[in-house]
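Breakdown of the fold
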Amino acid sequence: MYQHQEYVLNNAAAPVIPLPVGKVVCIGQNYQDHIAEMQSKTAAEALFFIKPTTALVPLAPSFAIPVGHGAVHNELEVAVLIAKPLKKATVAQVNDAIWGYGLALDLTLRDVQAKLKQLGRPWEVAKGFDGACPLSQFVAKDAIMHPQQLDFRLLVNGELRQQGNSANMIRGIGQVISEMSQHFTLLPGDVVLTGTPAGVGPLHAGDSLQLHLAQFFSISTQVTH
């Protein structure tokens, strides 16, 4: 069962963060290089979508991907854990409501998503299925002086697949969360995903993954069915 946990250096028993497990609110198309690789277009308005609580699973030591639904793609993202309610918040109000930062995989059933897009239908089933959001532990906000300058990367079977920096977001973290809160009240324990850079691709059972968040942590995990 998933619980929010704090990352503590050299501590095998990560403390549980005393926040409930809430929804996951995501922004799509927040890195220009990912928009280009998906042959999409930059829109004036942000694209938001929600993953339910049941999408959350621990990132390590392993996580499962669905079988029989076509390609399952990785989308590596900086995740933000919310500690205080935010409703129609300003950018200035956002920082005080953040508990900390981690990494998430926004797993996507790419073939399912493509078919739904062609039909003009919503694509929640491609993004919000059970286990669709493997999530790391969180580094406390006070330990990260410049969250808008975070390097992060994903290696699959030892080969670099995704590499990004939060400085390259189209909308910065504060703006993303402020805009989200105009539509969806964010509650303590909710998680915000801030978009993925280029490099999305299929995962397969047996793949070994390494995820890195700047100098703060490296996580090794395994893909299973």
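A few points on the structure. This structure is a prediction, so every number in the text was calculated from the model and none was measured. (Residues numbered from 1 in each chain as written. Predicted model: local features only at pLDDT ≥ 70, side-chain atom pairs only at ≥ 80, totals over all residues. Heavy atoms only, no water.)

Counting its secondary structure elements, the chain contains five helices and 16 strands. Computed over its C-alpha atoms, the radius of gyration of the chain comes to 16 Å, within 12% of the 17 Å expected for a compact globule of 225 residues. Overall, the chain is about 40 × 40 × 30 Å in size when its C-alpha atoms are taken along their principal axes. By the burial criterion, 48% of the 225 residues in the chain qualify as buried. In the chain, the proportion of contacts linking residues at least 24 apart, taken out of those at least 6 apart, comes to 75%. Carbon and sulfur atoms make up 54% of the accessible area of the chain, which amounts to about 10,300 Å² in all. Charged side chains in the chain number 15 positive and 17 negative. The centres of these two groups are separated by 6 Å. (Helix = DSSP H or I, 4+ residues; strand = E, 2+ residues; numbered from the N terminus. Rg over C-alpha atoms; globule rule 2.2 N^0.38 Å. Buried < 20%, exposed > 50% of the residue type's maximum accessible area, 1.4 Å probe, protein only. Contact = heavy atoms within 4.5 Å. Areas by Shrake-Rupley, 256 points an atom, 1.4 Å probe, with all protein chains shown as cover. Lys, Arg positive; Asp, Glu negative; His and termini not counted. Charge placed at Lys NZ, Arg CZ, Asp CG, Glu CD.)

This part takes up helix 3 (residues 110–118). Looking at helix 3, one finds that the buried residues are R110, Q113 and L116. Taken end-on, helix 3 shows its buried residues confined to a sector of 125°, consistent with a single buried face. Away from its buried face, by an angle of more than 90 degrees, helix 3 presents the exposed residues K115 and Q118. Check the buried side of helix 3 and you find it contacts strand 5 (72–74), strand 8 (108–109) and helix 4 (124–127). Once helix 3 finishes, G120 follows within two positions and takes phi at roughly 70°, a positive value. (Arc of directions from axis to C-beta.)

The final tally for this structure, using the stated rule, is seven salt bridges. E75 is the salt-bridge partner of R110, the closest N and O atoms lying 2.7 Å from each other. One end of the pair, R110, is in helix 3; the other, E75, is in the loop between strand 5 and strand 6 (76–82), with 35 residues separating them in the sequence. Here R110 and E75 have matching classes, each one buried. When the shortest N-O distance is used, the salt bridge between R171 and E179 registers 3.1 Å. A residue is classified by how much of its surface remains accessible, and R171, at 12% relative accessible area, is buried. Judged by its relative accessible area of 22%, E179 is partly exposed. In the salt-bridge network here, residues are joined through shared partners; they are K51, E75, D106, R110 and K127. (Salt bridge = Lys/Arg side-chain N within 4 Å of Asp/Glu carboxyl O.)

This next bit is on the nonpolar core. Membership of the largest hydrophobic core comes to 64 residues, with the highest contact counts inside it found for F63, L105, I177 and L209. Among the elements that make up this core, the one with the highest residue count is strand 6 (six residues). Setting aside residues no more than four positions away along its own chain, L105 makes contact with L59, F63, N74, E75, L76, A132, C133, P134, L154, L209 and L211. (Core = buried A, V, L, I, M, F, W, Y, C linked by side-chain atoms within 4.5 Å.)

Sheet analysis places strand 11 (residues 151–156) next to strand 12 (residues 159–165), joined by six bridges and oriented antiparallel. Of the residues in strand 12, the one forming a bridge with V156 is E159. In this structure, the hairpin formed by strand 11 and strand 12 is closed by a connection of two residues, where N157 is found at a positive phi of approximately 55°. Summarising the sheet, strand 11 and strand 15 (residues 208–213) pair through five bridges and their orientation is antiparallel. Looking at the pairing, L155 lines up with Q210 of strand 15. (Pairing = 2+ DSSP bridges.)

For the coordinates displayed, the defined rule picks out three aromatic pairs. Between F49 and W123, the ring centres sit 5.3 Å apart and the planes meet at 65°, which makes this aromatic pair edge-to-face. Placement of F49 in strand 2 (residues 47–51) and of W123 in the loop between helix 3 and helix 4 is noted, with a sequence separation of 74 residues between them. Over the ring of W123 we find K117, and its NZ or CZ is 5.8 Å from the ring centre. (Phe/Tyr/Trp six-rings, centres within 6.5 Å; stacked < 30°, edge-to-face > 60°. Lys NZ or Arg CZ within 6 Å of the ring centre and 35° of its normal.)

Next up on the list: the pairing of strand 16 (residues 217–224). Only one face of strand 16 is buried, namely the one carrying F217, I219, T221 and V223, since none of S218, S220, Q222 and T224 on the opposite face is buried. Two elements, strand 4 (residues 62–64) and strand 16, share three bridges in a ladder whose sense is parallel. Each residue of the ladder has a partner; that of F63, found in strand 16, is V223.

Locating S136 in the fold gives a position in the loop between strand 9 (133–135) and strand 10 (139–140). Overall, S136 belongs to the buried group, its relative accessible area being 4%. Sequence separation between S136 and P58 is 78 residues, and the spatial gap between their C-alpha atoms is 6.4 Å. The residues touching S136, leaving out its near neighbours within four places in the chain, are Y2, L59, G102, L103, F217 and I219. At 2.9 Å, the side chain of S136 forms a polar contact with the backbone nitrogen of L103. (Polar contact = N/O pair within 3.5 Å; in protein donor to acceptor, adjacent residues only side chain to side chain.)

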